[in-house]
Amino acid sequence: LFEYKMLEILSTDVPDGFSEGGFDDFGGKFSWNLEVLRSEENPYREINLKIFWAVNNKEEDLSASTYI
């Protein structure tokens, strides 16, 4: 899921700001949030992606950041 969402982000023109959603293919068990930040000091945008889900009533997550 993480790689799928990151490829989607990198292949489209994602707007700056915060967005969130879920993955319909998995019955709503997995969700994501995305933050896209633009810096005036350099031409790159910072991409922060977090995928989260619940296991035994505890939230688990996987997150990563990159620049494009």
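Residues numbered from 1 in each chain as written. Predicted model: local features only at pLDDT ≥ 70, side-chain atom pairs only at ≥ 80, totals over all residues. Heavy atoms only, no water.

Peer 1: Please give an account of the packing of aromatic side chains that cites residues and values.
Peer 2: Across all of its chains, the model carries two aromatic pairs by this definition. Here the aromatic rings of Phe30 and Trp53 are separated by 5.8 Å at their centres, their planes lie at 45°, and the arrangement is tilted. In this pair, Phe30 sits in strand β2 (residues 30–38) while Trp53 sits in strand β3 (residues 45–55), placing the two residues 23 residues apart along the sequence. Its relative accessible area of 23% is what places Phe30 among the partly exposed residues. (Phe/Tyr/Trp six-rings, centres within 6.5 Å; stacked < 30°, edge-to-face > 60°. Helix = DSSP H or I, 4+ residues; strand = E, 2+ residues; numbered from the N terminus. Buried < 20%, exposed > 50% of the residue type's maximum accessible area, 1.4 Å probe, protein only.)

Peer 1: Could you give me a rundown of the pattern of salt bridges, with the residues and numbers involved?
Peer 2: Applying the stated criterion across every chain, the model contains four salt bridges. Residue Arg45 is joined to Asp16 by a salt bridge in which the shortest nitrogen-to-oxygen separation is 3.2 Å. Of the two residues, Arg45 sits in strand β3 while Asp16 sits in the loop between α1 (2–11) and β1 (17–22), which places them 29 residues apart along the sequence. Across the salt bridge formed by Glu60 and Lys58, the nearest N and O atoms sit 4.0 Å from each other. Taking relative accessible area as the criterion, Glu60 reaches 29% and is therefore assigned partly exposed. (Salt bridge = Lys/Arg side-chain N within 4 Å of Asp/Glu carboxyl O.)

Peer 1: For the side chain of Asn33, give the residues involved together with the corresponding values.
Peer 2: On the secondary structure map, Asn33 appears in strand β2. Apart from the residues lying within four places of it in its own chain, the contact partners of Asn33 are Phe18, Ser19, Glu20, Asn48, Leu49, Lys50 and Phe52. (Contact = heavy atoms within 4.5 Å.)

Peer 1: Lay out the nonpolar core in plain terms, naming residues and giving numbers.
Peer 2: The nonpolar side chains of a soluble globular protein tend to be buried with one another. Residues Phe2, Met6, Ile9, Val14, Phe23, Trp32, Leu34, Val36, Ile47, Leu49 and Ile51 constitute the largest nonpolar core, which totals 11 residues. Beyond its immediate chain neighbours, meaning those up to four positions away, Val36 contacts Val14, Pro15, Asp16, Gly17, Arg45, Glu46 and Ile47. (Core = buried A, V, L, I, M, F, W, Y, C linked by side-chain atoms within 4.5 Å.)

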